[in-house]
Amino acid sequence: MGYRVVVAGATGNVGREMLNILAERQFPVDEVAALASRKSLGTEVSFGDKTLKTQDLDTFDFTGWDMALFAVGSSATKTYAPKAAAAGCVVIDNSSLYRYEPDIPLIVPEVNPDAIEAYSNRNIIANPNCSTAQMVVALKPLHDRARIKRVVVSTYQSVSGAGKEGIDELWDQTKGMYVPGQEVEPSKFQKQIAFNVIPHIDVFLDDGSTKEEWKMVAETKKIVDTSIKVTATCVRVPVFVGHSEAINIEFEDFLDEDEARDILREAPGIMVVDKREDGGYVTPVECVGDFATFISRIRQDSTIENGLNLWCVSDNLRKGAALNAVQIAELLGNRVLKKG
Ligand SMILES: NC(=O)c1ccc[n+]([C@@H]2O[C@H](COP(=O)([O-])OP(=O)(O)OC[C@H]3O[C@@H](n4cnc5c(N)ncnc54)[C@H](OP(=O)(O)O)[C@@H]3O)[C@@H](O)[C@H]2O)c1
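All figures in this text were calculated on a predicted structure; none of them were measured in a lab. (Residues numbered from 1 in each chain as written. Predicted model: local features only at pLDDT ≥ 70, side-chain atom pairs only at ≥ 80, totals over all residues. Heavy atoms only, no water.)

### Overview of the overall build of the protein chain
Counting secondary structure elements, the protein chain contains 8 helices and 14 strands. For 340 residues, the compact-globule estimate of 2.2 N^0.38 gives 20 Å, and the protein chain sits close to it at 20 Å. Taken over the C-alpha atoms alone, the protein chain extends approximately 60 × 55 × 40 Å along its principal axes. Across the protein chain, the fraction of contacts at a sequence separation of at least 24, relative to all contacts at a separation of at least 6, is 67%. Accessible surface for the protein chain amounts to roughly 14900 Å². Of this, 49% is attributable to carbon and sulfur atoms. For the protein chain, the centre of its 37 positive side-chain charges and the centre of its 49 negative side-chain charges are spaced 3 Å apart. (Helix = DSSP H or I, 4+ residues; strand = E, 2+ residues; numbered from the N terminus. Rg over C-alpha atoms; globule rule 2.2 N^0.38 Å. Contact = heavy atoms within 4.5 Å. Areas by Shrake-Rupley, 256 points an atom, 1.4 Å probe, with all protein chains shown as cover. Lys, Arg positive; Asp, Glu negative; His and termini not counted. Charge placed at Lys NZ, Arg CZ, Asp CG, Glu CD.)

### Structural notes on the sheet that holds strand β14 (residues 307-314)
Taken together, 6 strands build an open sheet; the order of strands is β10-β9-β11-β14-β13-β12 and the sheet is mixed. Looking at the sheet topology across the chains shown, the edges are occupied by β10 (229-236) and β12 (270-272). Ignoring strand direction, the axes of neighbouring strands in this sheet form an average angle of 25 degrees. In this sheet, strand β11 (residues 243-251) lies alongside strand β9 (residues 148-157) in antiparallel orientation, the contact comprising 8 bridges. Across the sheet, valine 153 pairs through a bridge with isoleucine 247, a residue of β11. Across the face of the sheet, helix α3 (residues 130-146) comes into contact with β9, β10, β11, β12, β13 (293-301) and β14 while running at roughly 25 degrees to β11. With respect to the sheet, helix α5 (residues 211-223) is in contact with β9, β10 and β11, its orientation differing from that of β10 by roughly 145 degrees. (Pairing = 2+ DSSP bridges. Axes fitted to C-alpha atoms, helices over the stretch in contact; angles between N-to-C directions.)

### Quick word on helix α1 (residues 13-24)
With 12 residues, α1 ought to run about 16 Å at 1.5 Å a step, and its terminal C-alpha atoms sit 16 Å apart, in line with that. Downstream of α1 by a residue or two, glutamine 26 has a phi angle that is positive, lying close to 50 degrees. (Expected span 1.5 Å × (residues − 1).)

### Brief notes about the UniProt feature "active site" (unreviewed entry) in the protein chain
With numbering aligned to this structure, UniProt lists the feature "active site" (unreviewed entry) at Cys130 and His243. A maximum C-alpha distance of 8.1 Å is found for the annotated residues, which run over 114 residues; spatially they form one tight group. Turning to its location among the elements, cysteine 130 is positioned in helix α3. Excluding anything up to four places from it in sequence, cysteine 130 contacts Glu212, His243, Asn316 and Gly320. With respect to the helices and strands, histidine 243 occurs in strand β11. Using a relative accessible area of 0% as the deciding quantity, one classes histidine 243 as buried. Those residues in contact with histidine 243 that sit more than four places away from it in its chain are Cys130, Ser131, Gln134, Tyr156, Gln157, Ser158, Gly161, Arg236, Cys312, Val313, Ser314 and Asn316. (UniProt positions renumbered as here; feature names shortened; annotations may be inferred. Buried < 20%, exposed > 50% of the residue type's maximum accessible area, 1.4 Å probe, protein only.)

### Observations regarding the nonpolar core
In terms of nonpolar packing, the biggest core is built from 56 residues, with Phe62, Phe70, Leu142, Val151, Ile247 and Leu310 touching the most fellow members. No other element matches α3, which puts 7 residues into this core. Three or more residues apiece are contributed to this core by two domains, here domain 1 (3-127 + 321-336) and domain 2 (131-158 + 197-314). Those residues within four positions of leucine 142 in sequence are excluded, and the remaining contacts are Arg147, Ile249, Phe251, Leu255, Ala260, Ile263, Leu264, Leu308 and Leu310. Judged by nonpolar contacts, the second largest core, of 35 residues, contains Tyr3, Leu69, Ile116 and Ala329. (Core = buried A, V, L, I, M, F, W, Y, C linked by side-chain atoms within 4.5 Å. Domains from an automatic or database assignment.)

### Concerning the environment of threonine 155
Relative to the helices and strands, threonine 155 is located in strand β9. C-alpha of threonine 155 to C-alpha of aspartate 61: the two residues are 94 residues apart in sequence and 40 Å apart in space. Sequence-distant contacts of threonine 155, that is, excluding residues within four places in its chain, are made with Ser131, Met216, Thr233, Cys234, Val235, Ser244 and Glu245. At a separation of 3.1 Å, a polar atom in the side chain of threonine 155 contacts the main-chain amide nitrogen of valine 235. (Polar contact = N/O pair within 3.5 Å; in protein donor to acceptor, adjacent residues only side chain to side chain.)

### Digging into the packing of aromatic side chains
Taken as a whole and judged by the stated rule, the model has 8 aromatic pairs. Plain terms: the ring middles of tyrosine 3 and phenylalanine 27 are 5.6 Å apart, the flat faces sit at 35 degrees to each other, and that makes the pair tilted. Of this pair, tyrosine 3 sits in strand β1 (residues 3-8) while phenylalanine 27 sits in the loop between α1 and β2 (29-36), placing them 24 residues apart in sequence. Note on accessibility: tyrosine 3 and phenylalanine 27 belong to one class, buried. Centroid distance phenylalanine 60 to tryptophan 65: 5.5 Å. Interplanar angle 55 degrees. Geometry classified as tilted. Assigned by exposure class, phenylalanine 60 and tryptophan 65 land together as buried. Three or more aromatic residues joined by ring pairs make a cluster, and in this case those are Phe60, Phe62, Trp65 and Phe70. Residue placement shows arginine 4 over the ring face of tryptophan 65; its charged tip is 4.0 Å from the ring centre. Directly above the aromatic system of phenylalanine 291 lies the positively charged group of arginine 25, at a separation of 5.0 Å from the ring centroid. (Phe/Tyr/Trp six-rings, centres within 6.5 Å; stacked < 30°, edge-to-face > 60°. Lys NZ or Arg CZ within 6 Å of the ring centre and 35° of its normal.)

What follows is the structure, encoded as structure tokens:
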């Protein structure tokens, strides 16, 4: 016997990847329901070699469904996730709505799987922000060995992190640069994204940082260790899929770069590609469609006592969203629901 699984947001970037990954990982399903807004009613989406017709989230009855993977944004989540949870269907949510609530577990299965036990507080589990998820997979094994004091991270985030509209804007604006009269003004992004970079993701906060940067700080503390200090600069770049991060780490204890490389090689979810030669590192286009978080450019930072630099790349629609959500579903199944 398998699970009855709902994917809400099935026509979106993350929802489509959720369906792909459930099929790829042969998640034990008896039935899958694909939901989106009313305007997408009947739209066909792929699930392995099957085609599912999209149903309307607004009228869907969650009774008798085991789990619902939500990727519909915070405002629709606010309306529909409590309905699903109240019907006994465990929600795994990709939006930021519930991530910071103390009684809601925020989980990256390679890092804090035991947090799953708290799912029953509200029948809701939160999935972290894309840039946090890939970073904490790399930080955790290093923290276990040498205790991280402080992290300085700069991100290079792809446009797919801003949904379907983000992808369309980069595509149309890039084409429009070459066709007189077809120029595309910024709309999803604050400035031109084609052939440009924008140091602004999500809203500005009072201290001059952005909400995206704040998320990396708050979520790293909640998932890995409240004692870790994080300072982030989050930047949108004209890449379709795949987030990159330059991460500088200060440890309490000395950690040699070779030992760090060995630790990361053994760590779950990580693939180390780190040759000190032309092309001996991973770039976003190479990580698309992969499950791993790739680590390259591991090297000592000699400007501080116990410092290390590394380069971290992952498919933001996978580890940053859909894959992590499916891994949480697997954890929930194996540890708690125990069907299949
Ligand atoms: N993209 C990433 O890297 C990433 C990473 C982590 C988390 N997330 C989060 O995942 C969520 C989805 O992101 P995305 O990139 O997949 O966005 P997207 O491509 O714009 O897709 C949004 C999906 O939500 C559905 N939806 C929106 N409002 C709805 C409503 N009121 N009722 C029913 N369905 C509704 C849309 O259905 P229609 O097609 O019918 O409009 C579509 O299926 C967001 O919360 C986002 O913050 C994204």
